[in-house]
Amino acid sequence: MSREELTRLTGNVGGPNCDDDDCPNIYKTASGSIVVQGDVSDAFQPPAGEGLVEIPESVLREAFRALGW
């Protein structure tokens, strides 16, 4: 999946915080699924091909508002 296929739902690109895409964020794909960026979690070992990430509740709330949920 290329970066062009993602719509960023959280954070301000070029803003004063997280402007280097290095903070937790949520993206929507062209097909409507969700991609989450966050700190890697080692809470448990997920199945092959999957990963765990941690994101703050405030990022989820911002994404929900952006999606109108």
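See the structure above.
Please read these numbers as outputs of a predicted model, since none were measured by experiment.

Draft legend 1. Quick look at the environment of leucine 9. Structurally, leucine 9 is set in the loop between β1 (6-8) and β2 (25-29). In this structure leucine 9 comes out as buried when scored by relative accessible area, which is 14%. For the pair formed by leucine 9 and leucine 60, sequence separation is 51 residues and the distance between their alpha carbons is 9.6 Å. Aside from chain neighbours lying at most four places away, what touches leucine 9 is Ile26, Tyr27, Lys28, Ile34, Glu62, Ala63, Ala66 and Leu67.

Draft legend 2. Region of the structure containing the sheet that holds strand β3 (residues 34-37). Strand order in the open sheet made by the three strands is β1-β2-β3, with antiparallel pairing throughout. Two strands in the sheet have a free side with no partner beyond their single neighbour: β1 and β3. Along the sheet, successive strands turn relative to each other by an average axial angle of 30°, direction set aside. The pairing of β1 with β2 spans three bridges and is antiparallel. Across the sheet, the residue bridging to arginine 8 is tyrosine 27, located in β2. Of the strands in this sheet, β2 and β3 touch helix α1 (residues 57-67), which is tilted by about 35° from β2.

The rules behind these values
For every chain, the first residue of the written sequence is number 1, and numbering continues from 1 onward in sequence order. For this predicted model, a pLDDT threshold of at least 70 governs which residues receive local features, and a threshold of 80 or more governs which side-chain atom pairs are given and counted, while totals over whole chains, interfaces and linings are taken from all residues. Side-chain numbers here rest on the full set of heavy atoms in the structure, without hydrogens or water. Helix and strand definitions here come from DSSP, where helices need a minimum of 4 consecutive H or I residues and strands a minimum of 2 consecutive E residues; each element is numbered from the N-terminal end. For each residue, the accessible area found with a 1.4 Å probe, counting protein chains only, is set against the maximum for its type, and the residue is called buried under 20%, exposed over 50%, and partly exposed in between. Residue contacts follow a heavy-atom distance rule, with two residues in contact if any of their heavy atoms lie within 4.5 Å. By the convention used here, strands pair only if DSSP detects at least 2 bridges between them. All axes here are fitted lines through C-alpha atoms, helices being fitted over the stretch that makes contact, and every angle between N-to-C directions spans 0 to 180 degrees.

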